[in-house]
Amino acid sequence: MVEVDIPRPIKVRLAGGDTAVIVVDMQNDFAHPSGKLFVPNARETIPACSKLLEKARAAGCRIFYTQDWHGRDDPEFAIWGEHAVGGTWGAEIVDELKPMPSDVVIKKLRYDGFYGTPLEHLLRLAGVNNLVICGTLANICVLHTAGSAALRWWRIYVPVDTISALTDFDYKAALRQITFLYRGVLTSVDLLELGS
Ligand code: ZN
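Predicted, not measured: the structure shown is a model, and the values here were computed from it. (Residues numbered from 1 in each chain as written. Predicted model: local features only at pLDDT ≥ 70, side-chain atom pairs only at ≥ 80, totals over all residues. Heavy atoms only, no water.)

1. Details of the overall build of the chain
So, step 1. What the chain contains, in helices and strands, is seven helices and nine strands.
So, step 2. A compact globule built from 196 residues should have a C-alpha radius of gyration of about 16 Å, and the chain, at 15 Å, falls within 12% of that.
So, step 3. Projected onto the principal axes, the alpha-carbon positions of the chain cover approximately 45 × 45 × 30 Å.
So, step 4. In the chain, which comprises 196 residues, the proportion classed as buried is 52%.
So, step 5. Approximately 9,200 Å² of the chain is accessible, and the part contributed by carbon and sulfur atoms is 56%.
So, step 6. Side chains of the chain give 20 positive and 23 negative charges; the mean places of these two sets differ by 6 Å. (Helix = DSSP H or I, 4+ residues; strand = E, 2+ residues; numbered from the N terminus. Rg over C-alpha atoms; globule rule 2.2 N^0.38 Å. Buried < 20%, exposed > 50% of the residue type's maximum accessible area, 1.4 Å probe, protein only. Areas by Shrake-Rupley, 256 points an atom, 1.4 Å probe, with all protein chains shown as cover. Lys, Arg positive; Asp, Glu negative; His and termini not counted. Charge placed at Lys NZ, Arg CZ, Asp CG, Glu CD.)

2. Comments concerning the nonpolar core
So, step 1. By size, the foremost hydrophobic cluster in this structure holds 61 residues, and its most contacted members are Leu123, Leu131, Ile133 and Ile156.
So, step 2. In terms of residue count, helix α6 (residues 138-151) provides more of this core than any other element does, eight residues in total.
So, step 3. Not counting residues up to four positions away in its chain, the partners in contact with Leu131 are Ala20, Ile22, Leu123, Ala149, Trp154, Arg155, Ile156 and Tyr157. (Core = buried A, V, L, I, M, F, W, Y, C linked by side-chain atoms within 4.5 Å. Contact = heavy atoms within 4.5 Å.)

3. Some words on the coordination of the zinc ion
So, step 1. The zinc ion binds to the protein through Asp68 (OD), His70 (NE2), Glu76 (OE) and His83 (NE2); the donor distances cover 2.0 to 2.1 Å.
So, step 2. Of note is the zinc ion, whose four donor atoms meet at the metal with angles of 92 to 163 degrees in an arrangement that counts as irregular.
So, step 3. Between the donor residues of the zinc ion, the gaps in sequence give the motif D-x1-H-x5-E-x6-H. Here His70, found in the loop between β3 (62-68) and α4 (77-80), pairs with His83, found in the loop between α4 and β4 (104-108); they are 13 residues apart in sequence, far enough to count as distant. (Donors = N, O, S within 2.8 Å, 3.2 Å for Na, K, Ca; no water. Tetrahedral: all angles 85-135°; square planar, octahedral: opposite > 155°, others 65-115°.)

Following this line, the structure appears as structure tokens:
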């Protein structure tokens with residue numbers, strides 16, 4: 001097995017008004033045991049994601065969710081099987097992390113939360129420089145959304161206890177790409193301080 005050199009999570013302090021949180025695809029089909037593409041580790045990150053959201057709301061961060069949202073005959077189903085069909089229970093955000101009315105929910109078509117969505121426009125309007133990204137899957141939608149954000153020069157922070165993948169390799173590969181390629185910073189919910 002290849003050993004991957006990944007930086008340790010570090011203490012980070014960010015101003016709430018300059019920071020948005022993006023919760024990636026924490027939907028029933030991925031994070032609920034009855035979901036069509038259940039990721040057991042995603043379920044285990046729900047308490048950490050919930051704590052992150054609590055801290056973020058208290059600090060006045062803007063909160064965005066992405067929601068995988070497919071049509072009935074989406075070509076992605078050839079890769080993954082049917083999942084996150086728009087309007088179904090599986091596409092809903094899990095009950096434990098339900099968005100608040102002031103949050104923004106972005107329905108997305110592919111792995112990248114920016115592709116074909118108003119996410120970039122809305123983040124620019126929010127005027128934030130820092131993005132804290134959590135959710136699932138680490139090596140798919142989290143990685144592509146983090147990468148897409150970094151290509152647009154947002155500063156990326158990922159609490160390692162809030163993302164999940166199907167295998168340890170996938171998880172570590174995502175952390176490697178986020179840090180090495182996109183210069184994202186790894187932290188944890190407890191090491192992340194969100195203030196005024
Ligand atoms: Zn999908």
